[in-house]
Structure formats: C-alpha cells, structure tokens
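Tertiary structure, described
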Amino acid sequence: MSGVEQRIVKPGEGDQRLDRWLKKQFPGLGQGRIEKACRKGEIRIDGARAKSSDRVADGQTVRVPPLGPLEQTEPTAPKPPVRADEEMIQAAVLWKDDHIIALNKPPGLPSQGGSGQGERHVDGLSRYLTFGYKERPKLVHRLDKDTSGILLLARTDRVARRLSEAFRHRATSKIYWAAIAGAPLPRAASIKFALAKMPGRGRGGEGEKMRCIHPSEIASVEGAKRAQSDYIVLENAGQRLSWVALTPITGRTHQLRAHMAEIGHPILGDGKYGGSGQENLGDGWGASAGGALSRKLHLHARSLMLEHPVTRARLSLTAPLPEHMQRTWDFFGWDPRDVPVDPFSEEEF
C-alpha cells in the first residue's frame with residue numbers, strides 16, 4: 001500500500017477496537033505496526049490521534065498511513081451465510097421441550113421480516129428450529145430488532161393459541177434490563193403516558209416513532225392508546241447512568257423506550273428516542289465513561305415467567321446479557337448476582 005488513505009467506517013463495522021478494524025481492512029497487518037503508527041500519530045480517527053484500543057463508530061473517517069509490505073496470510077474460506085445463520089439461531093436456544101422453544105434473541109436480528117430483510121429474521125430462520133418436527137415453530141410475541149433477550153416460539157398451533165392468550169391476558173411476567181441516562185427520582189415508579197404513532201418516512205413507513213400523550217389528553221388525540229411501564233433502579237453510576245429493571249404492564253410498540261425518554265432518562269444507545277448523548281464527551285451524561293460504552297441499544301428482555309401451556313408447571317426463563325451490555329456492566333462493576341430475580345415482587349407502586 002502506498003500513500004495516505006482516508007477510509008470510512010461502513011455501517012455495521014463500528015463498535016469494535018481500532019486495531020481489529022484495521023486488521024480486517026488490511027489482512028496481514030501486524031499489531032506492532034499498528035501500535036507504532038498510533039504512537040507516531042500517523043493513524044487518526046476523524047483527525048484526532050488514536051490508540052489501538054479506541055473504538056471506531058459507523059461513519060467515522062480513519063487516516064491510514066503507507067503501511068509497507070504486509071505479512072502474507074493464508075486465506076480462510078468464510079462460512080456460507082446459510083450455515084452461519086443456522087448455527088447462530090440454534091446457539092440462541094435457551095429452552096426447548098416438546099411444546100415451546102425459548103431463544104435469547106441477539107441484538108440486530110429482527111423478529112419478523114420487513115422491507116429488504118429477506119429471510120434473515122427469527123421467523124425466517126425458524127426453519128432451523130424444527131428439531132424433528134415437520135412444521136416450523138411459530139412466534140407468539142415480538143422484540144424490537146435492536147432489543148435482545150427472551151423470545152418464545154410455539155411448536156404447534158394449539159400451543160401457539162394458548163401462549164398468545166397468556167400474553168394477551170397478561171398472564172406472563174416480563175422483566176427487561178436497561179442502562180439509562182441519569183439517575184431517576186423516585187427510584188421506583190409507574191409511567192402512564194399513552195402512546196400514539198407518528199408516521200415514519202418512506203413508502204414502507206421507515207422511522208415510525210411513538211409519541212407520549214398525557215393521560216388527560218387521550219380522548220383528544222387520534223390513535224392514542226393507554227400504556228403503563230413500571231421501573232426500579234437497581235444500581236447507578238453517580239448521576240450519569242443507571243441500571244434499571246423495567247416491566248411493561250401493557251404491550252405497545254416501543255413502549256419502554258418512549259416512556260423512559262419521556263421522563264428524561266432515555267435508554268443508552270437509543271438513537272430514535274434520544275439515548276445517543278454519550279457522544280457528548282464534554283459535559284453530557286456519558287462524560288464520565290467516554291467512548292468506553294457501546295452505542296448499541298442497551299435494552300434486554302432479561303426474564304420471563306409464565307405457566308407452561310401444557311404441563312401447567314411454573315416456568316422461569318433467564319437470558320444472559322448480550323456482549324455489548326455485558327461490557328458496560330463490567331465497566332461499572334454491576335453484577336447480576338447482586339439483584340433479585342424479580343425486584344417488582346418486593347415493591348409496591
């Protein structure tokens with residue numbers, strides 16, 4: 001390679017260390033060469049000096065100096081996408097019996113298809129979850145694309161109907177974990193703003209967003225639906241950031257995200273509802289953490305408690321945090337073992 005290059009971090013390439021990003025861009029580039037170029041200020045991110053451990057973000061510009069001859073490496077054949085997707089979705093299985101399958105849905109994977117999604121969504125990949133059955137398992141509820149955590153599928157139509165009834169009549173208990181801006185007061189409360197859809201842009205309604213409506217104004221706003229979310233602060237990092245448990249009493253689109261933003265404490269990484277303020281490294285709410293925190297959405301469906309639709313046994317499912325949230329928890333020293341499984345059973349609202 002000769003001459004200085006200005007490379008743009010493409011969508012989906014962000015949220016990784018600079019040295020790892022560079023090695024993917026230039027196979028054969030050694031760690032020592034990267035460290036030396038960083039020390040000399042030859043590698044820069046958006047014009048600023050950079051360390052090999054800095055994390056790049058989508059859209060940033062990386063200045064790359066002439067690197068000279070690179071080491072020759074044996075090319076490795078990438079896994080065929082179909083095989084990789086099959087392994088990914090099967091690795092996400094938390095629970096499986098003759099009637100239901102529970103997944104720990106990865107962030108970034110849609111529950112169902114949409115414009116341009118093809119079949120790379122949970123519903124489309126369910127063909128890899130038959131495990132000896134003729135029919136694909138069926139989704140009985142959904143999670144937002146960027147929300148991770150527990151997602152249930154029914155293995156038969158009869159079980160799908162029973163589970164759908166359980167969700168519709170709120171016979172299940174769902175607890176989400178989130179990292180949010182600031183430290184809300186009171187530390188436990190109910191949020192009861194109604195929600196109304198704001199139209200998105202584009203022919204497919206891309207960018208659709210929910211608007212919070214004060215309960216007293218519901219009758220005057222077309223399409224407004226009552227909504228309630230309860231929250232409890234589990235830990236906080238001063239006034240900068242808090243770990244909260246959330247439970248949706250109703251099940252509206254983007255309910256938890258819109259409600260937390262409405263009370264001034266948006267979920268970390270939620271660009272749609274204002275949770276991207278950690279980019280303000282001067283005096284913003286993320287100033288104490290800087291670039292150490294991932295810009296991905298920090299919302300995770302942590303646990304689900306329900307009566308088994310066939311055996312009637314009480315079933316309690318728990319999903320480990322996704323990697324980007326676990327890094328944030330480790331950064332602040334937050335330990336899931338230090339909080340109750342169901343904090344709402346000990347609180348009164």
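Keep in mind the model is a prediction, meaning the values are calculated, not measured.

Cut-offs and rules
Residues numbered from 1 in each chain as written. Predicted model: local features only at pLDDT ≥ 70, side-chain atom pairs only at ≥ 80, totals over all residues. Heavy atoms only, no water. Helix = DSSP H or I, 4+ residues; strand = E, 2+ residues; numbered from the N terminus. Buried < 20%, exposed > 50% of the residue type's maximum accessible area, 1.4 Å probe, protein only. Contact = heavy atoms within 4.5 Å. Areas by Shrake-Rupley, 256 points an atom, 1.4 Å probe, with all protein chains shown as cover. Core = buried A, V, L, I, M, F, W, Y, C linked by side-chain atoms within 4.5 Å. Domains from an automatic or database assignment. UniProt positions renumbered as here; feature names shortened; annotations may be inferred. Axes fitted to C-alpha atoms, helices over the stretch in contact; angles between N-to-C directions. Parallel < 35°, antiparallel > 145°, perpendicular 65-115°, else oblique. Left-handed = near helix turned anticlockwise from the far one by under 90°. Nonpolar A, V, L, I, M, F, W, Y, C, P; charged D, E, K, R; others polar. Patch = residues over 30% accessible without salt bridge, like charges linked within 9 Å, V, L, I, M, F, W, Y side chains within 5 Å. Salt bridge = Lys/Arg side-chain N within 4 Å of Asp/Glu carboxyl O. Lys, Arg positive; Asp, Glu negative; His and termini not counted. Charge placed at Lys NZ, Arg CZ, Asp CG, Glu CD. Phe/Tyr/Trp six-rings, centres within 6.5 Å; stacked < 30°, edge-to-face > 60°. Lys NZ or Arg CZ within 6 Å of the ring centre and 35° of its normal. Pairing = 2+ DSSP bridges. pLDDT = per-residue confidence, 0-100.

**Thoughts on the overall build of the chain**
Helix and strand counts for the chain stand at seven helices and 18 strands. When the 349 residues of the chain are sorted by exposure, 44% land in the buried category. The long-range fraction of contacts in the chain, counting pairs at least 24 apart against all pairs at least 6 apart in sequence, stands at 65%. Summed over all atoms, the accessible surface of the chain reaches about 18200 Å², with 47% contributed by carbon and sulfur.

**Structural notes on the nonpolar core**
Residues L103, L246 and L299 are the most contacted members of the largest nonpolar core, which totals 28 residues. At three residues, the largest contribution of residues to this core is made by strand β11 (residues 173-181). Residue-level mapping places this core at the junction of two domains, with at least three residues from each of domain 2 (83-169) and domain 3 (175-332). Sequence-distant contacts of L103, that is, excluding residues within four places in its chain, are made with I89, A92, V93, L94, V122, L129, G149, I150, L151 and L153.

**Details of the environment of T328**
Structurally, T328 can be placed in helix α7 (residues 323-332). Looking at T328, the relative accessible area reads 1%, which means it is buried. Between the alpha carbons of T328 and A292 there is a distance of 7.9 Å; along the sequence they are 36 residues apart.

**Some points on the UniProt feature "active site" (unreviewed entry) in the chain**
Residues given the UniProt feature "active site" (unreviewed entry) here are D144. Structurally, the position occupied by D144 is in the loop between β9 (138-139) and β10 (148-154). Those residues in contact with D144 that lie beyond four places of it in its chain are K105, H254 and R257.

**Some points on the packing of helix α1 (residues 18-25) against helix α2 (residues 31-39)**
Interhelical geometry of α1 versus α2 gives an angle of 120° and a closest axis separation of 11 Å. Of the possible angle classes, the one that applies to α1 and α2 is oblique. Two packed elements cross with a definite hand, and for α1 against α2 that hand is right-handed. Facing L18, D19, L22 and K23 of α1, the residues of α2 in contact are Q31, I34 and C38. For the contact of α1 with α2, the per-class residue count stands at four nonpolar, one polar and two charged.

**A closer look at a positive patch on the surface**
On the surface, R142, R170, K197, K225 and R252 cluster together to form a positively charged patch. With respect to the helices, strands and loops of the structure, K197 is situated in strand β13 (residues 194-198).

**Structural notes on the packing of aromatic side chains**
Per the counting criterion, the structure on display carries six aromatic pairs. Between the aromatic rings of W329 and W334, the centroid separation amounts to 5.2 Å while the plane-to-plane angle is 85°, which identifies the pairing as edge-to-face. W334 shares its class with W329; the two are buried. The aromatic ring of F131 is capped on one face by K96, whose charged end is 4.9 Å from the ring centroid. Positioned above the aromatic ring of Y273, the side-chain terminus of K209 is 5.4 Å from the ring centre.

**A look at the sheet that holds strand β3 (residues 44-45)**
Across the sheet, four strands lie side by side as β1-β6-β3-β4; this open sheet has antiparallel pairing. Each edge of the sheet is formed by a strand with only one pairing partner; in this case those strands are β1 (5-8) and β4 (48-49). For β3 and β4, the ladder comprises two bridges, and the chain directions are antiparallel. What sits directly across from I45, in β4, is A48. Relative to the sheet, α1 contacts β1, β3 and β6 (61-64), its axis offset from that of β6 by approximately 70°.

**A few points about the pairing of strand β15 (residues 229-237)**
For β15, a buried count of seven out of nine residues is recorded, marking the element as mostly surrounded by other parts of the structure. Bridging between strand β12 (residues 188-191) and β15 involves four bridges; their strand directions are antiparallel. The partner of A188 across the bridge, within β15, is I232.

**Structural notes on the pattern of salt bridges**
Taken as a whole and assessed by the stated rule, the structure comprises 16 salt bridges. K138 is the salt-bridge partner of D157, the closest N and O atoms lying 3.3 Å from each other. Taken together, the residues D157 in helix α5 (residues 157-168) and K138 in strand β9 connect sequence positions 19 residues apart. Relative accessible area serves as the criterion here: at 25%, K138 is assigned to the partly exposed category. With its nearest N and O atoms 2.1 Å apart, the salt bridge here joins R168 to E165. Of this pair, R168 and E165 both sit in helix α5, three residues apart, roughly one helical turn. With relative accessibility at 35%, the residue E165 sits in the partly exposed group.

**Considering the confidence of the model for the chain**
Scored by pLDDT, the chain has a mean of 87; 86% of the residues are at 70 or more. The low-confidence segment residues 279-283, where pLDDT is below 50, has seven contacts with residues more than four positions distant or belonging to other chains.

**Some points on the environment of K174**
With respect to the helices and strands, K174 occurs in strand β11. Taking the C-alpha atoms as reference points, K174 and D342, 168 residues apart in sequence, are found 9.4 Å from one another. Ignoring sequence-local partners within four residues, the contact set of K174 consists of F167, L246, T247, P248, S303 and L304.

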